[in-house]
Amino acid sequence: MLDIDPRVRVDVDSLMAAQHDLGVCDAIWRIAPGGKADAMSAPHLPKVAGMDPAVTAVPQTAAPTPARTAPTPHPAAVPGPSTLIQDRLAGMVSDLTTLHELTERLARARDLDASLHEFLRAGAALVGARRGLIVLEPSDGLGPTTTVGLGLGRADLGHIETVPRTATSYGRILDGLPDARGGSDVLPEPGAGTEPGPYGIPVDPRHREVAARLGYAASYALPLTAEATGRLGAAVWLYDEQAEPSDRQRDLAGLYVRHAAEHLARMLEVERSRSRLATVAEELLPSRLPRIPGVRLAARHHTGPLGGGDWYDALPLPEGALGLAVGSVTGAGPSAVAAMGRLRASLRAYAVMEGEDPVAVLSDLELLLRLTEPARCATALFAYAEPGQRKIILAGAGHAPPLLIGDHRTEYVETTLSAPLGMLSCWEAPSVEIEPAPGETVLLYTDGLLRRTGDPMDRAYARLHAAAAGVPRAVRDDPAAVCDHILRTVLPADDPALAPAAPAGPAGATTASAAMAATEDGVEDIVLLAARFD
């Protein structure tokens with residue numbers, strides 16, 4: 001029989017299993033000799049990741065004298081204490097490895113929506129469920145609020161939302177009720193009567209109806225709580241049969257949810273910051289476009305996740321003229337947004353005073369930028385339009401050339417090469433005059449549209465030209481439809497900028513501004529400003 005003199009104590013610190021942005025690090029094993037062999041049955045080991053650490057010791061009794069006819073059992077046939085310990089340690093390492101992989105995948109999610117979907121998938125794998133949903137509803141009331149489903153369509157989520165909150169475990173968590181603890185919620189068999197639910201009250205009839213419609217018989221809910229922000233929401237996973245997770249699955253899921261909630265809290269703060277920055281950027285742009293006889297205007301502006309410095313403007317000028325401008329400030333974030341607002345306001349002032357000379361407008365703007373913000377540069381294009389005469393005088397500073405779209409031609413306007421504002425000690429470039437034909441559209445844009453294609457710049461220009469040339473004749477009279485067609489054609493199908501446009505405003509102009517939760521931090525702003533001449 002195997003004889004072990006010292007007692008081996010194994011202690012796994014489960015809290016050391018989460019470091020480096022929710023990653024699970026190596027567990028710490030502390031081996032200390034001492035004690036007697038018969039003390040191995042004492043429950044000294046903590047319960048970690050669903051594993052029961054109690055080790056049952058092999059009885060240390062004297063073996064009776066075997067009969068001559070009975071063979072002596074081989075010692076290997078009886079598992080020794082060291083074998084049991086090794087098996088339990090192997091299970092603990094396997095659980096920690098699983099948590100490490102799942103939290104690493106969660107940490108790679110780049111935005112809140114992707115994090116919520118990954119959280120649901122990982123939780124379903126841990127508790128052995130196939131479907132589930134997570135309701136994000138921060139207790140501070142600052143939002144955002146959303147519901148994300150796994151294996152559930154919009155209609156299914158709509159049916160679940162008709163169930164009274166107090167009738168479900170996750171609903172009571174969201175309402176902040178004092179007895180809300182989550183856990184398993186097994187529905188009784190159909191026709192079993194009004195048996196009390198997990199809170200001692202009969203199961204709600206609507207809950208029964210929705211469960212029968214969607215085909216689930218049990219659920220397991222857990223609260224989402226972060227240390228800094230408090231309650232974030234609740235998650236619930238649905239079982240097709242009357243089942244519930246084992247103790248090991250509960251421990252694993254609880255450990256994962258506790259650490260994942262901290263990651264979701266950080267993503268929530270990032271989402272809020274992006275939303276606030278995008279709101280500020282939108283407020284610095286025109287709330288409506290002017291209505292000038294002889295021309296129709298439309299604009300599309302999509303703010304990048306860091307709040308870039310792209311902007312546009314359209315302002316009425318004396319004698320029925322119209323000023324059109326687009327530009328881009330270097331950098332991103334709040335400083336770029338603030339610089340964009342200052343630059344746009346300055347250009348408006350210069351345009352009112354000397355708008356008929358676009359070169360003078362940009363020269364004054366360059367001088368202001370160089371004197372007040374010497375570390376920053378910007379591109380800009382300003383056009384002075386006379387809709388009654390269908391004449392445009394424009395000048396650009398390092399900006400992409402306008403695109404002329406019509407039934408008989410689609411071509412880039414040939415502008416002179418010039419440096420961006422703030423890069424030279426003295427900026428100057430000649431202006432260009434064009435005369436759009438009746439029904440033609442002049443499209444101004446920023447280079448973010450070209451960069452978002454993912455192609456080299458020469459291919460991006462060719463792609464934009466092909467998209468403009470392919471605008472259907474039925475929608476060429478509508479500048480908003482022209483912008484939407486170009487966005488759908490030029491950008492990849494999964495680009496966040498391809499969001500539904502806002503309806504036409506009261507002034508007859510159409511604007512659409514959307515703050516994106518993009519998947520890449522380097523995504524740039526997009527600006528399109530279209531002017532169709534009658």
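Look above for the structure.
Computed from a predicted model, the values in this text were never measured in an experiment.

Asks: Looking at this structure, I do not really get the nonpolar core. What am I missing?
Replies: Note that soluble globular proteins tend to have their nonpolar side chains buried in a common cluster. Within the largest apolar cluster, 55 residues are counted, with the highest numbers of intra-cluster contacts made by L324 and L362. With residues up to four places along the chain from it excluded, the contact list for L324 reads L297, D313, A314, L381, F382, A383, L444, L529 and A531.

Asks: In this structure, what is going on with the environment of V257? I would like to understand it.
Replies: Tracing the chain through its elements places V257 in helix α6 (residues 247-283). Distance in space between the C-alpha atoms of V257 and A122 is 9.6 Å, their sequence separation being 135 residues. In contact with V257, other than residues within four places in its own chain, are F119, L222, P223, L224 and W237.

Asks: Where do I start with the sheet that holds strand β12 (residues 391-397) in this structure?
Replies: Whenever strands of a sheet pair, they do so through backbone hydrogen bonds, lying parallel or antiparallel. Pairing is antiparallel across the open sheet formed by five strands, whose spatial order is β9-β10-β11-β12-β15. For this open sheet the edge positions go to β9 (308-317) and β15 (432-434), each flanked by a neighbour on one side alone. For this sheet the average axis-to-axis angle between neighbouring strands, irrespective of direction, equals 15 degrees. In terms of strand pairing, β12 meets β15 through three bridges, oriented antiparallel. When the bridges of β15 are listed, I392 appears paired with I434. Across the sheet, helix α7 (residues 334-354) is in contact with β9, β10 (321-332) and β11 (378-386); its angle to β9 comes to roughly 20 degrees. Contacts from helix α8 (residues 358-372) reach β11 and β12, with the element oriented near 25 degrees to β12.

Asks: It is not clear to me how the packing of aromatic side chains should be interpreted in this structure. Could you clarify?
Replies: One pair of aromatic rings is described through two measures. These are the centre distance and the angle between the planes. Under the criterion given, the structure shown has three aromatic pairs. Seen from their ring centres, F119 and W237 are 5.9 Å apart, and the 45 degrees between their planes marks the pair as tilted. Of this pair, F119 sits in helix α2 (residues 112-127) while W237 sits in strand β7 (residues 230-239); the two residues are 118 residues apart in sequence, bridging distant segments of the chain. For the pair F119 and W237, one class covers both residues: buried. Judged by its relative accessible area of 0%, F119 is buried. Members of the aromatic cluster, each reached through a chain of ring pairs, are F119, W237 and Y256.

Asks: Is there a simple way to explain the side chain of T453 in this structure?
Replies: Checked against the element boundaries, T453 lands in the loop between α9 (448-451) and α10 (457-469). Polar side-chain contacts of T453 include one of 2.6 Å to the backbone oxygen of L450. There is a polar contact of 3.3 Å between the side chain of T453 and the backbone nitrogen of D455. In this structure, T453 is in contact with A460, R463, V490 and P492, ignoring residues within four places of it in sequence.

Asks: Mind showing me how you'd approach the packing of α2 against α6 here?
Replies: Geometry of a packed helix pair, given as the angle between the helix axes and the separation of the axes. The N-to-C vectors of α2 and α6 enclose an angle of 180 degrees; their axes lie 10 Å apart at closest approach. Judged by the angle between their axes, α2 and α6 are roughly antiparallel. On α6, the residues that touch L112, S115, L116, E118, F119, A122, G123, L126 and V127 of α2 are Q249, L252, A253, Y256, V257, A260, H263, L264, M267, L268 and E271. Taken together, the residues of the contact of α2 with α6 break down into 14 nonpolar, four polar and two charged.

So, how was this worked out
Residues numbered from 1 in each chain as written. Predicted model: local features only at pLDDT ≥ 70, side-chain atom pairs only at ≥ 80, totals over all residues. Heavy atoms only, no water. Core = buried A, V, L, I, M, F, W, Y, C linked by side-chain atoms within 4.5 Å. Buried < 20%, exposed > 50% of the residue type's maximum accessible area, 1.4 Å probe, protein only. Contact = heavy atoms within 4.5 Å. Helix = DSSP H or I, 4+ residues; strand = E, 2+ residues; numbered from the N terminus. Pairing = 2+ DSSP bridges. Axes fitted to C-alpha atoms, helices over the stretch in contact; angles between N-to-C directions. Phe/Tyr/Trp six-rings, centres within 6.5 Å; stacked < 30°, edge-to-face > 60°. Polar contact = N/O pair within 3.5 Å; in protein donor to acceptor, adjacent residues only side chain to side chain. Parallel < 35°, antiparallel > 145°, perpendicular 65-115°, else oblique. Nonpolar A, V, L, I, M, F, W, Y, C, P; charged D, E, K, R; others polar.

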